[in-house]
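The residues making up each chain are set out below.
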Number of protein chains: 2
Amino acid sequence: MSAIDALIEALQILPGVGPKSAQRMALHLLLREREGGDRLAKAMEVAMRRVGVCQACRNLTEHPLCGLCEDPRRDSSLLCVVESPADVLALEQAGGFRGYYFVLNGRLSPLDGVGPEQLGMDQLLDRVAQLAPEEVILATNPTVEGEATAHYVAQLLEDKVGRVSRIAHGVPLGSEIEYTDGGTLTHALLGRRDVEK
Amino acid sequence: MSAIDALIEALQILPGVGPKSAQRMALHLLLREREGGDRLAKAMEVAMRRVGVCQACRNLTEHPLCGLCEDPRRDSSLLCVVESPADVLALEQAGGFRGYYFVLNGRLSPLDGVGPEQLGMDQLLDRVAQLAPEEVILATNPTVEGEATAHYVAQLLEDKVGRVSRIAHGVPLGSEIEYTDGGTLTHALLGRRDVEK
């Protein structure tokens, strides 16, 4: 196989990249972005070799502890459990949360062979024992598997943390009630709150 | 900058990849495709280092001559001029053309500083002299710049080749005349042919 074909094939492991866009990417790099291609190959090689998971929170990092876990200014009374490092990034970009995180790197999915061990439940218990947070916030996705995972973690931590909470589900900002699905509306009604006076 | 951020940034040189999809790609590789990521980094490094342009036709290749130019079974009476290696791939996948190619790797675009030298006109003249084709087919894109390029090449080769032709423009197969743009319909009418009896 030629070097070009090998590159086109290898590019298809990227999510959302099929044969046609892989070809476009390969030709773009070869014709117009040699330097960028070199830089990308190097960055990828370095990331694959160096990046592992944080010993405390299982987020991705190239150090023993990630930057968030090493930051002493964060609020140790709050621990937020999420499914993926992407969720940490989204929550950090949103701002507003100043506690620590724990990343499951997955969700309970018995059919795919993902049980509590794969989600680092032992590490979560260690983290809770070490941090002693007042509240654990479960921010897994509002899917069947995400809900099951939240339920499992809630039971696991029931008698170890003062408060275990779940993020609110409801009508997202900027959307229209008319076009919101029934499940979301039901959650929005059940989770209603008194209007502040 | 962390290795993860460096990877996310470097991925954005790929065409059609913005910050959000770069992040998704980086996390996908780091969480689920370590081996694939290693393979991709290696394939990219090799391709950037080895792939150059064919001495005869300016197509991309890792050898002095590309596979098409080295194939003695092709029809040396036909030479097809295209803008990009992607066009060669598309024509080869379509089948039906058995001649040789010449790749301009661009199109005349004075505003972008692309003149005849950048498109390898000297090499094209060499190639024509060496191959002595009976016909040169101009398969540049049906855009203003592609048409100007075809016109320029046609004049250049006027007295050096028996026949210089342009690919047909018209209604593409599987489309509907109702929804075809006016320029295409005008070309389709002008390029009409007698129905074979």
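Residues numbered from 1 in each chain as written. Chains lettered and ligands numbered in written order. Predicted model: local features only at pLDDT ≥ 70, side-chain atom pairs only at ≥ 80, totals over all residues. Heavy atoms only, no water.

Draft legend 1. Here's a closer look at the pairing of strand β3 (residues 75-82) of chain B. All names here are of chain B. For β3, the tally of buried residues reaches 6 of 8 residues, placing the bulk of the element in the interior. Pairing analysis gives 5 bridges linking β3 to strand β4 (residues 99-103), with the strands arranged parallel. The residue bridging V81 from the neighbouring strand is F102, located in β4. Crossover handedness for the path β3 to helix α4 (residues 85-94) to β4: right-handed. With 4 bridges connecting them, β3 and strand β5 (residues 135-138) associate as parallel partners. (Buried < 20%, exposed > 50% of the residue type's maximum accessible area, 1.4 Å probe, protein only. Helix = DSSP H or I, 4+ residues; strand = E, 2+ residues; numbered from the N terminus. Pairing = 2+ DSSP bridges. Right-handed = clockwise from strand over helix to strand, strands pointing away.)

Draft legend 2. Quick peek at the interface of chain B and chain A. Counting residues at the interface gives 44 residues for chain B, matched by 44 residues for chain A. Counting each side, the surface lost to burial between chain B and chain A is near 4200 Å², with a carbon and sulfur contribution of 75%. Ranking the residues of chain B by area buried against chain A places B:I13, B:P15 and B:M48 at the top, with a combined share of 16%. Counting the contacts that link chain B with chain A gives 0 salt bridges. At the boundary of chain B and chain A, one finds 6 residue pairs in polar contact (both at pLDDT 80 or more). Broken down by secondary-structure element, the contributors of at least two residues to the side of chain B that touches chain A are α1 (3-11), α2 (19-32), α3 (34-50), β2 (60-61) and α4 of chain B. The dominant element in the side of chain B that touches chain A, judged by the number of residues it contributes, is α3(B), at 13 residues. (Contact = heavy atoms within 4.5 Å. Buried area = accessible area lost by both parts, 1.4 Å probe. Salt bridge = Lys/Arg side-chain N within 4 Å of Asp/Glu carboxyl O. Polar contact = N/O pair within 3.5 Å; in protein donor to acceptor, adjacent residues only side chain to side chain.)

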